[in-house]
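# Per-entry structural report
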Amino acid sequence: MQLFLSVTAAQTQEASRYTRALAHRSYRIGPESTLLRQSMLLQTRGGLLSVSSQESPRVEDPEALCAAVLRECSRRGYSGAVLDFQVPIRSDLERFAGQLSRTLSANRRTLYVPESYAPAAPGAIVLISTALSGGSLQERLRDALQQYSGRAALLVERVRMDFTLPARTGEGTPLTAQELEALMERESPSVFFSQDLCARYFTYTQGGQGHFVLFDDGETIAHKLRTGTALGFSAAFLCVSQVQDLLPSLFPRRS
């Protein structure tokens, strides 16, 4: 399985000590359907172009934006692009995703899209999140491969979540690394491994209210990657800001 690290420009040098397979999060959509590049190192080459929709104006000319993405891919030697779209689905971004899928495919490059944009870009590879709070990860991944005819990659999102019981909505409170560490020091809990979720968990009680805490570490993330590999996923994405402390265990050190 090919592992990609999603990096900002400031993280590129450190991340490149572990892998050259980087998704460069230095691009966003600008006014008049332009592609804006932020703080990119001049020598950056190879990997993937990752474009954000954060604070994006409407894309009125998707063909012009796609042409700009293709030019940047050619100039930097990128093998494709990733759409880092976190906002609610927008029709203009759907049109852009569909056009970009066709443009990159015609030029032998790959596009990766969030699952919410999969219908708009039928030729793209769909990013499937590994962050579950219920059900079975293995079944989820197997179903995704079948649904998208094998065109799927893992989006490995590190989980640190505190659920107040009963967690009927499946929504919990995100925890920072420091908050999780402080909570474990305070509670000294017995920690268990969920085979279905491929994550660790523990429970505690505070003010008479039960809590369920789900979290990832290096071993659970490695387990998720092995699960994806065994099922036939060919690529996985990890955000370097989420796994900074795990890089030595996830990637062989480059000399």
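No experiment lies behind these values; they were computed from the predicted model shown. (Residues numbered from 1 in each chain as written. Predicted model: local features only at pLDDT ≥ 70, side-chain atom pairs only at ≥ 80, totals over all residues. Heavy atoms only, no water.)

### Overview of the side chain of Ser 56
Going by this rule: In DSSP terms, a helix is any run of H or I states spanning at least four residues, a strand is any run of E spanning at least two, and both are numbered starting from the N terminus. Contact between two residues is taken to exist if any of their heavy atoms lie within 4.5 Å; hydrogens are not considered.
Along the polypeptide, Ser 56 turns up in the loop between strand E4 (48-52) and helix H2 (62-76). Here Ser 56 is in contact with Ile 29, Arg 90 and Leu 93, once residues within four sequence places are set aside.

### Thoughts on the packing of helix H4 (residues 137-147) against helix H6 (residues 218-231)
Heads up, the rule is: Geometry is summarised by axes, namely lines fitted to C-alpha atoms with helices restricted to the contacting stretch, and by angles between N-to-C directions that run from 0 to 180 degrees. Note: crossing handedness is left-handed where the near helix turns anticlockwise from the far helix by less than a right angle, and right-handed where it turns clockwise. Throughout, the ten residues Ala, Val, Leu, Ile, Met, Phe, Trp, Tyr, Cys and Pro are labelled nonpolar, Asp, Glu, Lys and Arg are labelled charged, and all others, Gly among them, are labelled polar.
The geometry of H4 relative to H6 is characterised by a closest axis approach of 10 Å and an angle of 40° between their N-to-C directions. In this structure, the crossing between H4 and H6 has a hand that is right-handed. Facing Leu 137, Gln 138, Leu 141, Arg 142 and Leu 145 of H4, the residues of H6 in contact are Lys 224, Thr 227, Gly 228 and Leu 231. When the residues that make up the contact of H4 with H6 are grouped by side-chain class, the tally is 4 nonpolar, 3 polar and 2 charged.

### Observations regarding the sheet that holds strand E13 (residues 209-215)
As a reminder, the rule being used: Note on pairing: DSSP must find at least two bridges between two strands before they are called paired.
The strand order across the open sheet formed by 5 strands is E10-E9-E13-E12-E11, and the pairing between neighbours is antiparallel. Strand pairing shows two members of the sheet lacking a second neighbour, strand E10 (173-174) and strand E11 (192-194), which therefore form its edges. In this structure, strand E9 (residues 160-164) lies alongside E10, joined through 2 bridges in antiparallel fashion. Residue pairing for E10: Met 161 is matched across the bridge by Pro 174. Strands E11, strand E12 (199-206) and E13 of the sheet are contacted by H6, whose axis makes an angle of about 135° with E12.

### Re the packing of aromatic side chains
What counts here: Two rings belonging to Phe, Tyr or Trp (six-membered ring only in the last case) form a pair when the distance between their centres is within 6.5 Å. Interplanar angles under 30 degrees mark stacking, angles over 60 mark edge-to-face geometry, and anything in between is tilted. Only protein chains enter the area calculation, which uses a 1.4 Å probe; residues under 20% of their type maximum are buried, those over 50% are exposed, and those in between are partly exposed.
Applying the stated criterion across every chain yields a total of 11 aromatic pairs. With centroids separated by 5.6 Å and ring planes inclined at 35°, the aromatic side chains of Phe 192 and Tyr 201 adopt a geometry described as tilted. Overall, the relative accessible area of 25% leaves Tyr 201 in the partly exposed class. Each member of the aromatic cluster is reached from another via a ring pair, and the members are Phe 163, Phe 192, Tyr 201 and Phe 212.

### Focus on the environment of Leu 65
With respect to the element layout, Leu 65 can be found in helix H2. Separated by 87 residues in sequence, Leu 65 and Ala 152 place their C-alpha atoms 24 Å apart.

### What about the pairing of strand E3 (residues 34-37)?
Relative to E3, strand E2 (residues 22-30) is paired through 4 bridges, and the arrangement is antiparallel. Across the sheet, Gly 30 pairs through a bridge with Thr 34, a residue of E3. Linking E2 back to E3 in an antiparallel pair, the connection comprises 3 residues, with Glu 32 at a positive phi of about 60°.

### Re the layout of surface pockets
Applied cut-off: Here a cavity denotes a set of grid points, spaced 1 Å apart and computed over the protein atoms alone, in which a 1.4 Å probe fits but from which it cannot get out, and a pocket denotes an open set meeting protein on both sides within 12 Å along at least five of seven lines; residues with an atom within 4 Å of a point are reported as lining. Grid points are joined across faces, edges and corners, and a volume is the space filled by probe spheres set on the points.
Looking at the largest pocket, its volume works out to about 490 Å³. Forming the walls of the largest pocket are 22 residues, and the residues nearest its centre are Asp 84, Gln 86, Leu 127, Leu 155 and Glu 157. When residues of the lining of the largest pocket are traced back to their parent elements, those giving at least two are strand E5 (80-84), strand E7 (125-129), strand E8 (152-156) and strand E14 (235-239). Its residues assigned to classes, the lining of the largest pocket shows 12 nonpolar, 6 polar and 4 charged. Computed from the structure, the second largest pocket encloses a volume of approximately 370 Å³. Around the second largest pocket, the lining comprises 17 residues; the ones closest to its centre are Ala 131, Arg 158, Val 159, Arg 160 and Met 161. Listing elements by their share of the lining of the second largest pocket, those giving two or more residues are E9 and helix H7 (240-243). Of the residues in the lining of the second largest pocket, the class split is 8 nonpolar, 5 polar and 4 charged.

Function cannot be read off these values alone, since they describe shape.
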